[in-house]
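# Observations on chain architecture
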Amino acid sequence: MMSQEYVRRSTCKYQDLCDQFRFRDKGFSLQYYQFYAARLSTLYESTRQAAIGNWGNEAKVVGLSELSAMENGDRVVIIGILFKHMQLQPTILKEISEDNQLIPQPVRDRYIDDQDFLVLQAERESVKLIGNLSVHSHTTGIVIGLLGYVSGEAKEFVVEDYCYPAYSSQPSRPICTADKYVLLISGLGFGPEPSNALLSARNMLSDFLSGMIMDEVEKAAKIVKVIVAGNLLSTNLRQKEEEADKKLLRKPWEKKSRNLTNDATREADSFLVELGKSIHVDILPGDTDPTGFLLPQEPIHHCILPRSSVSSGIRCVTNPYQASFDGVLFLGSSGQNVQNICQYTDLKDPIEVLDKTLTWRHMAPTAPDTLQCYPNPDQDPFIVKNMPHVYFVGNQKKFGMKWKKVGQNAHVRFIALPSFESTLQAVMINLRDLSCELMGFM
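Residues numbered from 1 in each chain as written. Predicted model: local features only at pLDDT ≥ 70, side-chain atom pairs only at ≥ 80, totals over all residues. Heavy atoms only, no water.

Before going further, it helps to spend a moment on the pairing of strand β8 (residues 223–229). With seven of seven residues buried, β8 lies mostly within the body of the structure. As paired strands, strand β7 (residues 181–185) and β8 are joined by five bridges and run parallel to one another. Counterpart to Ile-185 in the pairing with β8 is Val-228. The pairing of β8 with strand β9 (residues 281–284) spans four bridges and is classified as parallel. Within β9, the position partnered with Ile-227 by the bridge is Asp-282. (Buried < 20%, exposed > 50% of the residue type's maximum accessible area, 1.4 Å probe, protein only. Helix = DSSP H or I, 4+ residues; strand = E, 2+ residues; numbered from the N terminus. Pairing = 2+ DSSP bridges.)

With mixed pairing, the six strands of this open sheet are ordered in space as β1-β11-β12-β13-β15-β14. Whereas interior strands pair on both sides, the edge strands pair on one side only; in this sheet they are β1 (14–16) and β14 (400–406). Geometrically, the sheet is characterised by an average inter-axis angle of 20 degrees between neighbouring strands, direction not taken into account. Strand direction decides the pairing type here: strand β13 (residues 390–396) and strand β15 (residues 410–418), joined by five bridges, are parallel. Bridge pairing in β15 places Gln-396 opposite Pro-418. Sitting on the sheet, helix α8 (residues 350–360) is in contact with β13, β14 and β15, with an inclination near 140 degrees to β15. (Axes fitted to C-alpha atoms, helices over the stretch in contact; angles between N-to-C directions. Contact = heavy atoms within 4.5 Å.)

In the predicted model, the protein carries a mean pLDDT of 88, and 90% of its residues have values of at least 70. Of all secondary-structure elements in the protein, the lowest mean pLDDT belongs to helix α2 (residues 92–95), at 58, while β7 reaches the highest, 98. (pLDDT = per-residue confidence, 0-100.)

Another aspect to go through is unusual backbone geometry. What is expected of a backbone is that most residues other than glycine have negative phi and most peptide bonds are trans. For the bond running from Leu-295 to Pro-296, omega is -10 degrees, close enough to zero to count as cis. Relative to the helices and strands, Pro-296 resides in the loop between β9 and β10 (314–316). With an omega dihedral of 5 degrees, the bond running from Asn-319 to Pro-320 counts as a cis peptide bond. Looking at where Pro-320 falls in the secondary structure, it is placed in the loop between β10 and β11 (321–325). Look at Arg-361: it is not a glycine, yet its phi comes out positive at around 60 degrees. Considering the arrangement of structural elements, one finds Arg-361 in the loop between α8 and β13.

Spelled out as structure tokens, the structure:
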């Protein structure tokens, strides 16, 4: 009789840190001015300290209301929030232009134009910016300090140099001697007519995590958590549903087909039930998932995933997401914030965008201007309060990573997660040294 050997899965100290992304009161009667005011109030002092550190005695900080009293050429520092005036930015007036028999604005990958310009706003005042500040690499919503002077002709502010809020502190990372992994994955892509390759990859992923692949048992046993960074449902599901609705309108006598979203969520629910039996999984909502689209996205409701949501191994969490594993701080999102920044800047690489948002100390500066979010007069949940050790974004076209020293002593691992639906890939992070391993399930 053959003896069976059992491998015990590694464990870690887990801490849920998503409270800043959970809103108890979701009122929609407030204006977004208070949201911006809370952002500036929170980051103003750290920006002022950064300005003093950069420019020393030259850094005489003044309010925008004091600029009119400045003589031409007086060098001062002003602090506020950038507003980017964009010629091609979609607006509701342009969206209904078809009703006025005007040419509708075409859908674009990017909405930048040579006519765009930047304005600094603070204290209900604003001033147009010229000089040494790239328009296309900045977005609306960034808190910034500017060194320069007022132009005597047009009352514009000529920027000579600039700085962002001082970096937030990074928690110390405990020394870990054993290999433990967190598996990051996004875009599982449940939906109609999946390819055979995707079905096979999902089964292989489930078998790997459950320890059913004999050559990989020891490796799988060292995975302490799986993070699904959004888009449980397929990216083409919405299009398939729209096509089915249009067909029904053309032929109303035909029997309505089954609801594709319901079928997809049931399939995802069954998959997660089995996965939750062998490993702990955190699930972020994404752009394609059946939940509210306003950021921060709240956890997927238990009615959507009735079987897996009651499993002790499955947790539906917020987007953005923050958690600690044995003292290693993870921060990330399902990708909407990065995609929106790319649409309104000349930035293309998601890793570069992640790096910029850490420098700006804000995960989603374009919210609420071009990225929808909840209005909150008291706090801005997207401000980076603690510098993470691992900073990730999900649902990207391809895998990317970078290891970077940030500030004086901090180091951050940046990761762009490829969509599993299109690449059949996931990423493993070693908590011991924050090294990455790209895994293909083909």
